[in-house]
Amino acid sequence: MTALAARNEQTNVAARLASRSDLTAFFMNLTDEIGADGYMLVAIAQEQERDNLQIIASNWIYDAIQLAGHALIAGLAQGPFASAPGTRPQSLLASQAPAILGGEEARLLEVLGHAEIFALRLHVGRQRLFVLFSAAEAGRIDPNIMPRTQLECCYALSQAPSVLAAATMQDPLSDRERECLFWVSEGKTTDEVALILGVSSNTVNSYITHAIQKLSASNRAMAIATAIRSGII
């Protein structure tokens, strides 16, 4: 397939985004086309003087998201290397990141396979959306096609408001359900969570069961993974 044909196909995909699966396929194809290994689409909302990050779509492994943490991801998305549409995107190299992020965080990114990252701001309605494209080796991503890639992302997402709305749905969990799921994700047992919250073990199990059902998960581990990826915990 020629480069022009690939671009036309990518545009056609963008025009028919109708589900989360289509959204994932679009970003996976785009990631492969630009020579990247990873992508992450996030929304960031300002809440009570702090940034609340929600991961909409990503192929980062669960452990990488958990280790990096939402604060680091939000920092990458909104940092000085984040490029607005119409500007020339610059990459952030983990080897040069200590002066910006701190030595430990920079080393963590490299270990997790994100030696080079492009952070792109996306103009889609009133939402603050960002996409991170990363590669395990610096120089793998072609910087010359990133401006076009950024515009493609903006176009694709602007054509799929219903898919985007569903992906950024409000937190479905109650405060107690969220607390229980959080403590379980931290490695606490049911009895330990009950002690922390001052309720019975049966009550904790009930909260967790409700959380699993609301997140359409099949077990605790899946519910925790879904909650972390969605920015709920």
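This is a predicted model, so every value here is computed, not measured. (Residues numbered from 1 in each chain as written. Predicted model: local features only at pLDDT ≥ 70, side-chain atom pairs only at ≥ 80, totals over all residues. Heavy atoms only, no water.)

## Overview of the overall build of the chain
Summing up its helical and strand segments, the chain has 11 helices and five strands in all. A burial count over the chain gives 44% of its 233 residues as buried. Within the chain, residue pairs in contact and separated by at least 24 positions form 59% of the contacts whose partners lie at least 6 positions apart. (Helix = DSSP H or I, 4+ residues; strand = E, 2+ residues; numbered from the N terminus. Buried < 20%, exposed > 50% of the residue type's maximum accessible area, 1.4 Å probe, protein only. Contact = heavy atoms within 4.5 Å.)

## Some points on the layout of surface pockets
Volume-wise, the second largest pocket comes out at about 160 Å³. What lines the second largest pocket is simply Ile65, Gln66, Gly69, His70, Phe182, Ser185, Glu186, Ile228 and Ile233. Residue assignment for the lining of the second largest pocket shows that the elements contributing at least two residues are α3 (62-78) and α8 (175-185). Of all the elements, α3 adds the most residues to the lining of the second largest pocket, at four residues. Tallied by class, the residues present in the lining of the second largest pocket amount to four nonpolar, four polar and one charged. (1 Å grid on protein atoms, 1.4 Å probe; cavity = no way out; pocket = protein on both sides within 12 Å on 5 of 7 lines; lining within 4 Å. Points joined across faces, edges and corners; volume = space filled by probe spheres on them. Nonpolar A, V, L, I, M, F, W, Y, C, P; charged D, E, K, R; others polar.)

## Structural notes on helix α11 (residues 220-229)
Buried within α11 are the following residues: Ala223, Ile224, Ala225, Ala227 and Ile228. Where α11 begins, the side chain of Asn219 points an oxygen toward the backbone nitrogen of Ala221, at a separation of 3.2 Å. (Polar contact = N/O pair within 3.5 Å; in protein donor to acceptor, adjacent residues only side chain to side chain.)

## Some points on the pairing of strand β5 (residues 127-135)
Most of β5 is tucked away: seven of the nine residues are buried. Examined bridge by bridge, strand β4 (residues 116-124) and β5 share nine bridges and lie antiparallel to one another. Within the sheet, the bridge partner assigned to Ile117 lies in β5 and is Ser134. In textbook terms, the turn of a hairpin is the stretch between consecutive antiparallel strands, and for β4 and β5 this stretch comprises two residues, one of which, Gly125, has a positive phi near 60°. (Pairing = 2+ DSSP bridges.)

## Section: the packing of aromatic side chains
With the rule as written, the count across this model stands at three aromatic pairs. On the basis of an interplanar angle of 80° and a centroid distance of 5.2 Å, the ring pair of Phe26 and Phe27 is categorised as edge-to-face. Here the two residues Phe26 and Phe27 agree in accessibility, since each one is buried. Centre to centre, the rings of Phe27 and Tyr39 are 5.4 Å apart; their planes meet at 10°, and the pair counts as stacked. With a gap of 12 residues between them, Phe27 in helix α2 (residues 20-33) and Tyr39 in strand β1 (residues 38-47) connect regions that are remote in the sequence. Since its relative accessible area comes to 0%, Phe27 is described here as buried. For Tyr39, a relative accessible area of 1% puts it in the buried group. By way of ring pairs, the aromatic residues Phe26, Phe27 and Tyr39 are connected into one cluster. (Phe/Tyr/Trp six-rings, centres within 6.5 Å; stacked < 30°, edge-to-face > 60°.)

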